[in-house]
Amino acid sequence: MGNPSIEIDNLSKTYHLGEVSVEALRDVTLSIARGEFIAVMGASGSGKSTLMNILGCLDRPTSGSYRLDGDDVGTLSRDALAGIRRKKIGFVFQGFNLLSRMTALENVELPMIYDDTPAATRLERAREALRAVGILDREHHLPSQMSGGQQQRVAIARAIVNTPSLLLADEPTGNLDSVTSIEIMKTFQGLADERGITLVLVTHEDEISRYSKRIVRFRDGKVVSDSPVVPR
Amino acid sequence: MNLYAASKVAYRSLRANKMRSILTMLGMIIGVAAVIAMVAIGAGANERISAQIASIGSNLIMILPGSTTSGGLRSGFGGAPTLTMADARAIGKELPAVGLAGPTIRNTAPVIYGNQNWSTIIQGVTPEFFQIREWMVVGGRYFTAAEVEAAAKVAVLGQTVSNSLFGEDSPVGKIIRIKRVPFTVVGVLEKKGQSPQGQDQDDIVVIPITTAQKKLVGSVHVGTVGVILAQAAGGDSVKEAEKQIVDLLRQRHRIAPGQEPDFSVRNLSEMLAVAEASTRIMSLLLGAIASVSLLVGGIGIMNIMLVSVTERTREIGIRMAVGAREKDILLQFLIEALVLAITGGSIGILLGVGGSWLISRFAGWSTLISPGAILLAFGFSAAVGVFFGFYPARKASLLDPIEALRYE
């Protein structure tokens, strides 16, 4: 399995909402290997979204450490975290989160714009990413001109275009029908197998979680089970 | 994110909200156009006054014959011929603060050449007149002191008279008739334009004062003159020259202290300097009022940028999630504000220039557009964009990515 991609040690996150303190994560310890495909499950409020935000460097832990590829990223500045997000992390959201005024191609180019990648390279890599998710024929379409499944493919292309080491998918099939969901999950599987990208998937559907190799369940901010997926 | 990419994003988002962008820019357009037009009008008025000051000659002092009381009836200044050729000579020779002085006399008479005639002002002068008024000949020559001495029948024409009688031809050497007296035209004066009082200074025929006295005025007061023109020796001695002239004339006319003088001394350049100062204040005021509209335009930009940031919170969240730094977001919104301000400013400049042209064309006010004013307006609109765009842009850049992504 090689070096661990993600090492979380005694990680806690507490939100202060006025007088009330909410402990979203309590002493979570978790290790995810490079290239692993893991599903995080749990009811809403179980802390899985908070974990995703911290893994995705959108938020910082209250205590404990988070190492991504060996670097402690839990204490970095906002701009440094932005750099990590740009270079090492790809996001796929339930609501696709594409920029509505931009074509598929432009949406995929977005992370590279903040990298000051030369325009020619940008175009080439964006096309390559669109081809990898099988949606190159829609490159000049606006999100509003595409189906949900197609939009999610564009979002996946955007997530992988900077060749991240970690791909985070938050309920990626939540807005899709079951046939499309299966296509999207197969795409994820292919990316994990072919590219060795570590994939963390948040879902509440057992059907979807079975595409992963390992399932971690959360309840009340704690890991309650961590088991490999039994092949059917 | 580099500037080019940021400008493209800004341009696109402004185009997506066309109506809103245009209305926001309208504030800047009106502000800049108003500033440009007002500054142009102010500068034009200033320029005109400066030109008038130059056209009457620098450091000019006019000595007008005074009021006399005859039988209880007081006539106004110029009503009585109290000044003489000797007075003019004395002012020119004896006073250290006076550089030049020359007597003049004027009358209106018809001038005839061939079958053309033109009623104009005939001014009798000595050669000093041309120096005092700083009036060049564009053709021919001035008449000389010897010609004045001999009361020669020679004339120098103003441009208007020359054009009226001779059209494009040169009048030099031709014979014209003034009150049936033949005069030889020896020169044509350069164009002066309007006087500060709005008279056409070029509608004039200048002849030796001696000739005028003998042939045209027919005055009973032989040897008296109309207005004496004097030029101070330097710009700073105008006041002193005025005082010396008054003292000299009081002495020569034997006017006791406390008694009203029979002449008056006027300093035209001083009057014009006052006019110039008030025009300057006027244009400053106009500019200040116009600047207020520019300020309002800037506030409009800030307002719309704040709305835009709120509306696009989710977009900002997405951009942050894919790795945009604070400064990337800041730059994006700052450039958007800047594009609004500069585009509005540029249109405003065009409109202001066009408006000034229309004003000078149809209202007849002189306007002057300097490249400096245009550059200033452009720079100012850019500064407005940065100033009023910074707060919304900063607000956007400091958004929490998680909150922003969750924003509906």
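Reference entry: report on the structure contained in this document. (Residues numbered from 1 in each chain as written. Chains lettered and ligands numbered in written order. Predicted model: local features only at pLDDT ≥ 70, side-chain atom pairs only at ≥ 80, totals over all residues. Heavy atoms only, no water.)

1. Side note on the interface of chain A and chain B
Next up, step 1: Counting residues at the interface gives 22 residues for chain A, matched by 28 residues for chain B.
Next up, step 2: Interface area, chain A with chain B, both sides summed: about 2300 Å², of which 54% is carbon and sulfur.
Next up, step 3: Summed over the three residues of chain A that lose the most area to chain B, namely Arg 78, Arg 101 and Tyr 114 of chain A, the buried surface amounts to 33% of that side.
Next up, step 4: Our count for the contact surface shared by chain A and chain B stands at three salt bridges.
Next up, step 5: The interface formed by chain A and chain B contains 11 residue pairs in polar contact (both at pLDDT 80 or more). (Contact = heavy atoms within 4.5 Å. Buried area = accessible area lost by both parts, 1.4 Å probe. Salt bridge = Lys/Arg side-chain N within 4 Å of Asp/Glu carboxyl O. Polar contact = N/O pair within 3.5 Å; in protein donor to acceptor, adjacent residues only side chain to side chain.)

2. Structural notes on the pairing of strand E10 (residues 181-189) of chain B
Residues and elements named next belong to chain B.
Next up, step 1: The buried fraction of E10 amounts to seven of the nine residues, a majority that puts the element mostly inside the structure.
Next up, step 2: Relative to E10, strand E7 (residues 137-140) is paired through three bridges, and the arrangement is antiparallel. Bridge pairing in E10 links Val 137 to Leu 189.
Next up, step 3: Note that strand E8 (residues 154-157) and E10 share four bridges and pair parallel. Bridge pairing links Ala 155 to Val 185 in E10.
Next up, step 4: Relative to E10, strand E9 (residues 175-178) is paired through four bridges, and the arrangement is antiparallel. (Buried < 20%, exposed > 50% of the residue type's maximum accessible area, 1.4 Å probe, protein only. Helix = DSSP H or I, 4+ residues; strand = E, 2+ residues; numbered from the N terminus. Pairing = 2+ DSSP bridges.)

3. What about helix H3 (residues 104-113) of chain A?
Residues that lie three or four places apart on an α-helix share one face, since the helix turns once every 3.6 residues.
Next up, step 1: Within H3 of chain A, nine of the 10 residues are buried, which leaves it mostly tucked inside the rest of the structure.
Next up, step 2: Of the residues making up H3 of chain A, those classed as buried are Ala 104, Leu 105, Asn 107, Val 108, Glu 109, Leu 110, Pro 111, Met 112 and Ile 113 of chain A.
Next up, step 3: Next to the buried residues of H3 of chain A lie helix H2 (78-88), helix H4 (119-132) and helix H5 (148-160) of chain A together with helix H1 (3-16) and helix H10 (313-321) of chain B.

4. Some words on the packing of H4 of chain A against H5 of chain A
All names here are of chain A.
Next up, step 1: As a packed pair, H4 and H5 sit with axes 8 Å apart at the nearest point and diverge in direction by 130 degrees. Accordingly, the angle class assigned to the pair H4 and H5 is oblique. As H4 runs across H5, the sense of the crossing is right-handed. On H5, the residues touching Ala 129, Leu 130 and Ala 132 of H4 are Val 154, Ala 157 and Ile 160.
Next up, step 2: The residue makeup of the contact of H4 with H5, split by class, is six nonpolar, no polar and no charged. (Axes fitted to C-alpha atoms, helices over the stretch in contact; angles between N-to-C directions. Parallel < 35°, antiparallel > 145°, perpendicular 65-115°, else oblique. Left-handed = near helix turned anticlockwise from the far one by under 90°. Nonpolar A, V, L, I, M, F, W, Y, C, P; charged D, E, K, R; others polar.)

5. Quick look at the pattern of salt bridges
Next up, step 1: A complete count under the given rule lists 27 salt bridges over all chains for this structure.
Next up, step 2: The salt bridge involving Glu 106 of chain A is made with Arg 12 of chain B; its shortest N-O contact spans 2.7 Å. With Glu 106 of chain A in helix H3 and Arg 12 of chain B in helix H1, this pair bridges two chains.
Next up, step 3: Note on Glu 106 of chain A: relative accessible area 22%, which makes it partly exposed.
Next up, step 4: Salt bridges sharing partners connect three or more residues here, namely Arg 101 of chain A together with Arg 312, Glu 315, Arg 319 and Glu 336 of chain B.

6. Focus on the side chain of Thr 211 of chain B
Residue and element names in this part refer to chain B.
Next up, step 1: Examined against the element boundaries, Thr 211 turns out to sit in helix H7 (residues 209-217).
Next up, step 2: In terms of polar contacts, Thr 211 uses its side chain to reach the backbone carbonyl oxygen of Ala 151, at 3.4 Å.
Next up, step 3: In this view, Thr 211 contacts Ala 151, Ala 152, Lys 153, Phe 183 and Leu 216; residues no more than four positions away in its chain are not counted.

7. Thoughts on the sheet that holds strand E4 (residues 63-68) of chain A
Residue and element names in this part refer to chain A.
Next up, step 1: With antiparallel pairing, four strands are arranged side by side in an open sheet as E2-E1-E4-E5. Of all the strands in the sheet, the pair left with one neighbour each is strand E2 (20-33) and strand E5 (71-72).
Next up, step 2: As judged from the 10 bridges shared by strand E1 (residues 4-17) and E2, these two strands associate in the antiparallel manner. Across the sheet, residue Pro 4 finds its bridge partner in E2, namely Ala 33.
Next up, step 3: Lying over the sheet, helix H1 (residues 48-55) contacts E1, E2 and E4, oriented at roughly 120 degrees with respect to E1.

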